[in-house]
Amino acid sequence: MFENKVVLITGAAGGIGIAAAKAFAKEGAKLALVDLKRESLEKAAATVDAKDILLLTANVSVENEVKEYVQKTQEHYGQIDVFINNAGINGEFKNITEQTEENFNNVFGVNVMGAFFGLKYVLQIMKEQKSGAVVNTASNGGLLGAPGMSAYVASKHAVIGLNKSAALEMAEYGVRVNAVAPSGVNTEMMRRIEKNAMGDQAEEARKAFEASVPMNRYATAEEIADLMVFLSSEKASFISGSYYRIDGGQGAT
Ligand code: NAD
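Reading the values: the criteria
Residues numbered from 1 in each chain as written. Predicted model: local features only at pLDDT ≥ 70, side-chain atom pairs only at ≥ 80, totals over all residues. Helix = DSSP H or I, 4+ residues; strand = E, 2+ residues; numbered from the N terminus. Rg over C-alpha atoms; globule rule 2.2 N^0.38 Å. Contact = placed C-beta atoms within 7 Å. Near = placed C-beta within 6 Å. Nonpolar A, V, L, I, M, F, W, Y, C, P; charged D, E, K, R; others polar. Core = buried A, V, L, I, M, F, W, Y, C linked by C-beta atoms within 7 Å. Buried ≥ 20, exposed ≤ 12 C-beta atoms within 10 Å, placed from the backbone. Pairing = 2+ DSSP bridges. Axes fitted to C-alpha atoms, helices over the stretch in contact; angles between N-to-C directions. Parallel < 35°, antiparallel > 145°, perpendicular 65-115°, else oblique. Left-handed = near helix turned anticlockwise from the far one by under 90°.

**Section: the overall build of the protein**
And then number 1: Counting its secondary structure elements, the protein contains eight helices and seven strands.
And then number 2: Since a compact globule built from 253 residues should have a radius of gyration of about 18 Å, the 17 Å found for the protein is in line with a globular shape.
And then number 3: Each principal axis of the C-alpha atoms in the protein carries an extent, and together these give about 50 × 35 × 35 Å.
And then number 4: A separation of at least 24 residues holds for 70% of the contacts in the protein among residues at least 6 apart in sequence.

**Overview of the site of the ligand**
And then number 1: Around the ligand lies a shell of 28 residues, among which G11, G14, G88, T187 and M189 are the nearest.
And then number 2: Every element with two or more residues in the shell around the ligand is listed here: α1 (15-26), α4 (101-129) and α6 (188-198).
And then number 3: For the shell around the ligand, the class distribution of residues is twelve nonpolar, 14 polar and two charged.

**Here we look at the nonpolar core**
And then number 1: Judged by nonpolar contacts, the single largest core of 74 residues is most densely connected at V7, I9, A20, V122, I224 and M228.
And then number 2: The element contributing the most residues to this core is α4, with ten residues.
And then number 3: Not counting residues within four places of it along the chain, the set of residues in contact with M228 comprises A20, I84, V135 and V180.

**Observations concerning the environment of D247**
And then number 1: For D247, the position within the fold is in the segment after β7 (243-246).
And then number 2: The class for D247 is buried, based on 23 C-beta atoms found within 10 Å.
And then number 3: When the C-alpha positions of D247 and P214 are compared, they lie 8.7 Å apart, and in sequence the two are 33 residues distant.
And then number 4: Residues within four places of D247 in sequence aside, it is in contact with N140, P182, S183 and V213.

**Brief notes about the sheet that holds strand β2 (residues 30-35)**
In a beta sheet, neighbouring strands are held together by backbone hydrogen bonds and run either parallel or antiparallel to one another.
And then number 1: The sheet built from seven strands is open, its strands ordered β3-β2-β1-β4-β5-β6-β7 with parallel pairing. Edge positions in the sheet fall to β3 (53-57) and β7, since each has one partner strand and no second. Adjacent strand axes in the sheet meet at a mean angle of 15 degrees, parallel and antiparallel pairs treated alike.
And then number 2: Where strand β1 (residues 6-10) lies against β2, five bridges are found, and the strand directions are parallel. Note that in β2 the partner of V6 across the bridge is K30.

**Examining the packing of α4 against helix α5 (residues 150-170)**
And then number 1: Relative orientation of the contacting elements α4 and α5 amounts to 15 degrees, with a least axis distance of 9 Å. In terms of orientation, α4 lies roughly parallel with respect to α5. The crossing of α4 and α5 is right-handed. Within the contact between the two elements, α4 uses N103, F104, V107, F108, N111, V112, A115, F116, L119, L123, M126 and K127 and α5 uses A151, Y152, S155, K156, A158, V159, L162, A166 and M170.

In structure tokens form, the structure reads like this:
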């Protein structure tokens, strides 16, 4: 489905990012993978069988670094067809009464400003091309509350807002913008959240979190990647400005 298409993915050394890289590569895509550190990017990229892979290090919360990773992708491939705007952090686990400005700023810096900067520069290219598809990684935390995770929850609600405005602004250029809203996904982020919530009883936290999902388990990163591939494909040609729960039924409770 993505023969001769260029797919740019942020947070590409992480669980969902690398699963997305593999899923798009399987469909014939050329990849540009962005993450904080060269070493972890190289390790992750070594597991991907793609025609062409460009590795780029950037901190997505710094506007100039985002501008640069977008420019380098455009210089290397001459086009950007799909943007998986995915890098994110969960931040510290604290109730609002103990919440800190620093944690809020850190989480918003990556999850909101990082997503915004990515949209700002990638959409300039897609607008010019008059084609393209974006998938923003939101969360069920972008739709629901979660005790102890106000910074993350507020940041992912902001991503849903960015997603809607970007879709409206880009519709006339034939560029589609959608979001995925997963509940718990079996990645390193979930391990951090379990530890933050329950310390050395992280295994108990995992069981409790999984039990709160009607399907009684976390998603796999591959399940999220499959939804990203669908939303980026021609099969989703009339879908824009939407967000998709992928949560084993949790949103229906
Ligand atoms: P992960 O921790 O495995 O991967 C996140 C990746 O983002 C890491 O490789 C990390 O280095 C990178 N990253 C973090 N800050 C960055 C920055 N400033 N600049 C560049 N890269 C940066 O987590 P994941 O589960 O793969 O998460 C991917 C996305 O999915 C995130 O936006 C997350 O909020 C979202 N999400 C995850 C879950 C879950 O349960 N795992 C659920 C819903 C949404």
